[in-house]
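So you can see what is in the structure, the chains are spelled out below.
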Amino acid sequence: MIHVLKHVESITQHRDRSLLEAGVASALFELVKAKEVNLYKVQSEESGHFLERVTHVGQDGLRFNSEFEPGSDPVPVSTRPEMQACVEAAQIVRRHDEAGGVFVHCFPIRVERGVLGVLEVICAAPLDDDDLGTAEGFLGLYRNYLNLLDYSERDTLTGLRNRKTFDENIGKILGNIARPTDDDKRRRRPEDSHQHWLAVVDVDHFKRVNDQFGHLYGDEVLLLLARIMRQSFRQQDKLFRFGGEEFVVVLRAATEAEVHRALERFRRAVEDYNFPQIGRVTASIGYTMIKPEDTIPEIVGRADDALYVAKENGRNQLANYEALLAEGMISVREQPSGDIELF
Ligand SMILES: Nc1nc2c(ncn2[C@@H]2O[C@H](COP(=O)(O)OP(=O)(O)OP(=O)(O)O)[C@@H](O)[C@H]2O)c(=O)[nH]1
């Protein structure tokens with residue numbers, strides 16, 4: 001009992017999702033005497049579900065990836081029938097791997113929107129009822145704690161990540177791309193390297209919505225826009241309400257074309273949506289690639305410059321900072337001089 005409480009105490013001291021996941025996996029590895037525990041995130045793409053391993057505990061030690069670095073290369077869920085059954089039925093699935101002489105248990109990590117991930121516990125024997133209860137208890141603790149973290153990091157109107165968490169999140173991304181691990185370097189072949197991109201989304205003529213229909217309807221537009229964002233982007237993309245009627249999306253994608261497609265799909269979804277009472281609302285989007293040497297104001301500044309061009313050119317459109325620069329439509333942003341004046 002003391003043993004279990006010590007794990008609970010150690011898990012709940014973290015405010016970082018990846019440390020929380022590593023804590024849950026390590027606790028189960030020890031408590032149910034597993035050979036291996038893995039945590040997979042489920043990525044939902046148009047072509048189906050993919051699994052990305054983000055945490056591993058085994059005889060070889062503990063490895064985990066932060067929320068903002070890629071885990072293992074994603075594999076289609078169909079290549080792992082027990083995982084597929086677990087994701088689709090949202091139920092615990094067990095498989096006897098005769099060749100490996102082990103029992104593989106898959107626990108779904110259920111959230112409101114579906115199955116967020118799968119916890120895989122590999123043991124020499126099937127888990128008994130006590131061990132199953134322990135695993136389910138720790139998963140419950142993990143889910144509840146995630147909800148608490150979400151609550152403190154979310155904007156109350158839209159449920160998106162709030163401005164406070166934005167700097168923290170971008171800081172982590174910059175830290176990861178500036179210091180790639182050996183695994184990252186191996187994975188970063190030209191054909192599968194992924195870059196991070198930041199897009200600023202701004203509702204067009206939002207003042208008119210407020211003036212014509214009142215603030216409550218304005219708030220309703222922001223709420224619905226956030227919902228369209230969640231539906232348009234993938235689970236692993238990070239969505240923020242930056243302030244007022246401005247939103248930020250941080251995406252990981254291999255090419256500019258891929259980012260453009262995702263943002264254009266969202267822009268069209270907003271344009272096509274019939275907002276109750278108000279009718280048609282559009283949004284303009286400016287975006288840029290995040291580079292290792294960037295500071296947060298530089299990234300946001302570039303996306304804002306591109307957004308300005310999108311607004312000037314008639315709104316309801318995308319603009320990419322790097323493309324505008326290459327076409328000579330804008331000039332390079334002035335770097336902050338670095339001189340700090342204190343008052
Ligand atoms: N309802 C509501 N309105 C907000 C909120 N935050 C900011 N606003 C309003 O959003 C409006 C933003 O207006 P502007 O920045 O002038 O821009 P715009 O009218 O959207 O025009 P463009 O961006 O140039 O297309 C202002 O009227 C703000 O009062 C909010 O949380 N709720």
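Per chain, the residues get numbers from 1 upward, laid out in the order the sequence is written. Under the rules for a predicted model, residues below a pLDDT of 70 receive no local features and side-chain atom pairs below 80 are neither given nor counted, while totals for whole chains, interfaces and linings still include all residues. Based on all heavy atoms of the structure, the side-chain values leave hydrogens and waters out of the count.

Asks: When you look at the domain arrangement of the protein chain in this model, what are you seeing that I'm missing?
Replies: How big an interface is tends to be expressed through the accessible area that disappears when the partners come together. Residue ranges for the domains originate in an automatic or database domain assignment. Partitioning the protein chain into domains gives domain 1 (2-151) and domain 2 (163-326). Inter-centroid distance (C-alpha atoms) of domain 1 to domain 2 is 31 Å.

Asks: Any chance you could explain the site of the ligand here in plain terms?
Replies: Being near a molecule or strand, for a residue, means having at least one of its heavy atoms within 4 Å of it. Every one of the 16 residues lining the ligand counts as a neighbour, but H205, F206, D219, R241 and R315 are closest to it. For the ligand, an oxygen atom lies 3.2 Å from a polar atom in the backbone of V203. N or O atoms closer than or at 3.5 Å make up a polar contact, with two conditions inside protein: a donor-capable atom paired with an acceptor-capable one, and, for residues adjacent in sequence, both atoms drawn from side chains. Measuring from a nitrogen atom of the ligand, one finds a side-chain N or O atom of D219 at 2.6 Å. Counting from the N terminus, the helices are the DSSP runs of H or I reaching at least four residues and the strands are the DSSP runs of E reaching at least two. Examining the composition of the shell around the ligand, we find that four residues originate from one element, helix 8 (residues 215-232), more than from any other. Amino acids outside the nonpolar list (Ala, Val, Leu, Ile, Met, Phe, Trp, Tyr, Cys, Pro) and the charged list (Asp, Glu, Lys, Arg) are all regarded as polar, and Gly is one of them. Grouping the amino acids of the shell around the ligand by side-chain chemistry returns three nonpolar, five polar and eight charged.

Asks: Please clarify how the packing of aromatic side chains should be interpreted in this entry.
Replies: The geometry of an aromatic ring pair comes down to the distance between the two centres and the angle between the two planes. Note on ring pairs: Phe, Tyr and Trp rings are taken, using the six-membered ring of Trp, and paired if centres are within 6.5 Å. Classes follow the plane angle, with under 30 degrees stacked, over 60 edge-to-face and the rest tilted. Tallied over the full model, the rule gives five aromatic pairs. Taken together, a centroid distance of 5.3 Å and an interplanar angle of 40° make the contact between F233 and F266 tilted. Here F233, found in the loop between helix 8 and strand 9 (238-243), pairs with F266, found in helix 9 (residues 256-272); they are 33 residues apart in sequence, far enough to count as distant. Like F266, F233 is buried. Centroid distance Y273 to F275: 4.8 Å. Interplanar angle 70°. Geometry classified as edge-to-face. Among the aromatic residues, ring-to-ring pairing joins F166, F240 and F242 into one connected group. Between buried and exposed lies partly exposed: a residue is buried under 20% and exposed over 50% of the maximum accessible area for its type, with that area taken using a 1.4 Å probe on protein chains only.

Asks: Can you walk me through the nonpolar core in this structure?
Replies: What is meant by a nonpolar core is a set of buried Ala, Val, Leu, Ile, Met, Phe, Trp, Tyr and Cys residues, joined one to another through side-chain atoms within 4.5 Å. Formed by 32 residues in total, the largest nonpolar core has its most connected members in M229, F233, L263 and F266. The set of elements that each furnish at least two residues to this core consists of strand 8 (195-203), helix 7 (206-213), helix 8, strand 10 (246-253), helix 9 and strand 11 (283-289). Ignoring anything within four residues of it in the chain, the contact list for L263 reads A199, F233, L251, I285, Y287 and L318. If you look at the next biggest cluster of nonpolar residues, it comprises 28 residues, including A27, V57, L119 and C123. Should any heavy atoms of two residues lie within 4.5 Å, those residues are counted as being in contact.

Asks: I keep staring at the state of the cysteines and nothing clicks. Help me out?
Replies: Any covalent bond linking the sulfur atoms of two cysteines counts as a disulfide. In what follows, a disulfide is any cysteine sulfur pair within 2.5 Å. According to the stated counting rule, one finds zero disulfides in the structure shown. Among the cysteines around C106, which has no disulfide bond, C86 carries the closest sulfur, lying 5.3 Å off. For the unlinked cysteine C123, the closest cysteine sulfur is that of C106, found at 11 Å. For C123, a relative accessible area of 3% corresponds to the buried category.

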